[in-house]
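Understanding the architecture of this molecule
Listed here are the chains, written in short residue letters.
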Amino acid sequence: MTYTLAVRGARVLDPLAPQPRPAVRDIAIDADRIVAVEPPGRLSFSDNCKVLDATDTLAIPGLVSAHYHSHDTLLKGCFAPMPLEAWLLHAVPPNYPQRSREEVRVRVLIGALEALKSGITTLQDMATVHPFDAGEVDTILQAYDDAGIRCVFALQVGDVPGSRPLPFWDELIPPELRGGATVSVRRGGSARELIARIDGERKRHSGRHRRITWGLGPATPEICSEEYLGLLAELSAREKLPVFCHVYESKGNAAIARKHYGADGGSLVRHLARVGLLNERFTLAHGVWLQPAEIEQVAAAGAHVALNPLSNLKTRSGVAPVRAYLGAGVKLALGTDNSSCSDAQNMFQAMKLFALLSADGGEKAFAAATVGSARAIGLGDELGRIAAGRKADITLLGLRDPAFAPLNDAVRQLVYTEPGRSVRHVIVDGRLLIDNGRATMLDEDALYADVERLMPVLMRDLGAIRRRNAALMPYVEEANRRTHALDVGLDRYKIMQC
Ligand SMILES: [Zn+2]
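If you're wondering where the values come from, they're calculated on a predicted model, not measured in any experiment. (Residues numbered from 1 in each chain as written. Predicted model: local features only at pLDDT ≥ 70, side-chain atom pairs only at ≥ 80, totals over all residues. Heavy atoms only, no water.)

With respect to empty space enclosed by the protein
Worth spelling out the cut-off: The pocket and cavity definitions rest on a 1 Å grid over protein atoms only: a 1.4 Å probe that fits but cannot leave marks a cavity, an open set with protein on both sides within 12 Å along at least five of seven lines marks a pocket, and residues lining either have an atom within 4 Å of a point. Grid points are joined across faces, edges and corners, and a volume is the space filled by probe spheres set on the points. In this text, helices come from DSSP runs of H or I with a minimum length of four residues, and strands from runs of E with a minimum of two, each type numbered from the N-terminal end.
A complete count under the given rule lists five cavities of 30 Å³ or more for this structure. Within this model, the second largest cavity holds a volume of roughly 170 Å³. Looking at the second largest cavity, it is lined by 20 residues, and the ones nearest its centre are Pro83, Glu85, Pro167, Asn480 and Thr483. Counting only elements with at least two residues in the lining of the second largest cavity, the list comes to helix H1 (84–91), helix H8 (251–260) and helix H16 (444–485). Looking at the lining of the second largest cavity element by element, the count peaks at five residues for H16.

In structure tokens:
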């Protein structure tokens, strides 16, 4: 048997059977796949096999962020916490002039680099391309290809223009202040034409990038017509495509649901089920404001929930009912969300918060960040475990680090102690992308210089948006106060869930 890469002497941690002190193993990789995981000494490696000495490391399956957006990675650290509806008006692309191709490339690369250095090997990117531009799609996908990270790509598109997701918008915001403020993209053409464009892009890129697969991204049901969602459900079923959608992220979303989805009892979940989307290919991103009956419906449908506990707190959206999800048997995934509202592409932070909110010893958080996220993005058979037959996506953490000394319980220390500092090597698709902490596929210093050079234009545009929003914010704050006062039948502002 010939191998292309041997990872020798790592302790291998399996999310489905975590041991406190995992056994030492050699991992044999041929091209993009793991072909054997054996005790040391059993496998023999030929001279032309690259050998990575992984002594004193912990091998974990590459972490999978099941919810992420590449479009605002350059805005990390720009905003203090603010309500979701206010943050959207500062951060989402329709508020900005079209970005240069160079900026688009750099923002994808810096996000991918941050993810890789934090042990993330796969990102589910719900990317907003505004205004729609096939060349920008090419730029994004080529940047992912060049970075070497795995990506499940979905164009984030709705077909209902305006600001319906913002409660009390029409009542409160003076028309003269609205200007270009929007949370959705104005599109020409019918729902069917929009689907044809999205699927045309998918087909156009088919087979071009081996580590990129496609999903569908109806941004949020509030900005999608019933016809459009129904057509997406048909396309998903026909082509076996995963579907990603923001559902019940904030109390405002619940308020809009009660108002606009009367035919479905005010329930977004029932609405999604009726249009044919609520099934095992569907992931609800966030899922903070579901009612108990909706949680049961999601569990019964086999749909996934991708939790984003960090961004939910930073956007003052509340806390997802993690314990209720676990109790109902909902399939859980974990995401890192936007860089401008989380503000880190770091699954260690997300796992720790998940574990604390769910009173979990760490096992469920680690499972959500690996096998759970892999299933949600449609790669459950390929990713999430270090086992023969799976893709060779592996993160190696140095155990000679205070986080793991002494090694009492690997999974608990991974989730509760390790901040991401000990990520040493990262392998994606059988290629060593991070070697002793440095990127092998990218010139990091050149990338940092590019970021510096491009930021003045972005900061100028952000300055204009801040000035526009300064006049809007008193009204948005009043809308937020009114939303808080509404009774939507549940309260997700409580941190501790018994
Ligand atoms: Zn999101």
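Section: the sheet that holds strand S11 (residues 282–286)
Put simply, the rule is: The pairing criterion is simple: DSSP has to find at least two bridges between the two strands. Between N-to-C directions, angles cover 0 to 180 degrees, with each direction set by a line fitted to C-alpha atoms, over the stretch in contact for helices. Any pair of residues with heavy atoms lying within 4.5 Å of one another is described as a contacting pair.
Taken together, four strands build an open sheet; the order of strands is S10-S11-S12-S13 and the sheet is parallel. Edge positions in the open sheet fall to strand S10 (243–247) and strand S13 (331–334), since each of these has one partner strand only. Taken over all neighbouring pairs, the strand axes of this sheet differ in orientation by 30° on average, direction set aside. Here strand S12 (residues 304–307) runs beside S13; their pairing, made up of four bridges, is parallel. Following the sheet pairing, Ala306 is matched in S13 by Ala333. Of the strands in this sheet, S12 and S13 are in contact with helix H13 (residues 347–358), which crosses S13 at around 140°.

Quick look at the sheet that holds strand S6 (residues 63–68)
Strand order in the open sheet formed by four strands is S6-S7-S8-S9, and the pairing between neighbours is parallel. Taken across any chain shown, the strands that pair with only one partner, and hence form the sheet edges, are S6 and strand S9 (212–214). Strand-to-strand twist in this sheet, taken as the mean axis angle between neighbours without regard to direction, amounts to 15°.

Comments concerning H16
One turn of the α-helix equals 3.6 residues, which is why residues spaced by three or four share an orientation. Rules: Every helix has an expected span of 1.5 Å times one less than the residues it contains. At every residue, the bend is computed as the angle between two fitted axes, covering the seven residues ending there and the seven beginning there respectively. Two N or O atoms form a polar contact when they lie within 3.5 Å of each other; inside protein one atom must be a possible hydrogen donor and the other a possible acceptor, and for residues adjacent in sequence the pair counts only when both atoms belong to side chains.
Counted at 1.5 Å a residue, the expected span for H16 with its 42 residues is 62 Å, but the 48 Å between its end C-alpha atoms falls short. Maximal helix bending in H16 amounts to about 50°, located at Leu472; proline Pro474 follows within four positions. If you check the start of H16, you find a side-chain oxygen 3.2 Å away from the backbone N of Asp445, and it comes from Asp443.

Some words on the coordination of the zinc ion
For clarity, the threshold we go by: Because water is not among the atoms used, a metal site may look incomplete, as its donors are only the N, O and S atoms within 2.8 Å, or 3.2 Å for Na, K and Ca. Per-residue accessibility, obtained with a 1.4 Å probe over protein chains only, is compared with the maximum for each type, and a residue is labelled buried under 20%, exposed over 50%, and partly exposed between these values.
All of the protein donors around the zinc ion are His67 (NE2), His69 (NE2) and His246 (NE2); their distances to the metal are 2.1 Å. We note that the donor set of the zinc ion lies within a single chain, spaced as H-x1-H-x176-H. Of this pair, His69 sits in the loop between S6 and H1 while His246 sits in strand S10, placing them 177 residues apart in sequence. For the pair formed by His69 and His246, the shared burial category is buried.

Quick word on the pattern of salt bridges
Put simply, the rule reads: Here a salt bridge means any side-chain nitrogen of Lys or Arg lying within 4 Å of a carboxyl oxygen belonging to Asp or Glu.
Counted according to the given criterion, the structure contains 39 salt bridges. Residue Arg107 pairs with Glu136 through a salt bridge whose shortest N-O separation is 3.5 Å. In this pair, Arg107 sits in helix H2 (residues 101–117) while Glu136 sits in helix H3 (residues 134–147), placing the two residues 29 residues apart along the sequence. We classify Arg107 as buried; its relative accessible area is 6%. Since its relative accessible area comes to 3%, Glu136 is described here as buried. Two residues, Arg202 and Asp199, come together in a salt bridge whose shortest N-O distance is 2.6 Å. You can see Arg202 and its partner Asp199 sitting in helix H6 (residues 191–205), three residues apart, about one turn around the helix. Here Arg202 and Asp199 have matching classes, each one buried.

Details of the side chain of Arg281
Along the chain, the position of Arg281 falls in the loop between helix H9 (268–274) and S11. Classification of Arg281 by relative accessible area gives buried; the value is 17%. Separated by 2.8 Å, the side chains of Arg281 and Ser236 make a polar contact. Within the local environment of Arg281, its side chain forms a polar contact with the side chain of Glu280, the two groups lying 3.5 Å apart. With sequence-adjacent residues up to four places away left out, Arg281 is seen in contact with Ser236, Ala237, Lys240, Leu241, Pro242 and Val243.

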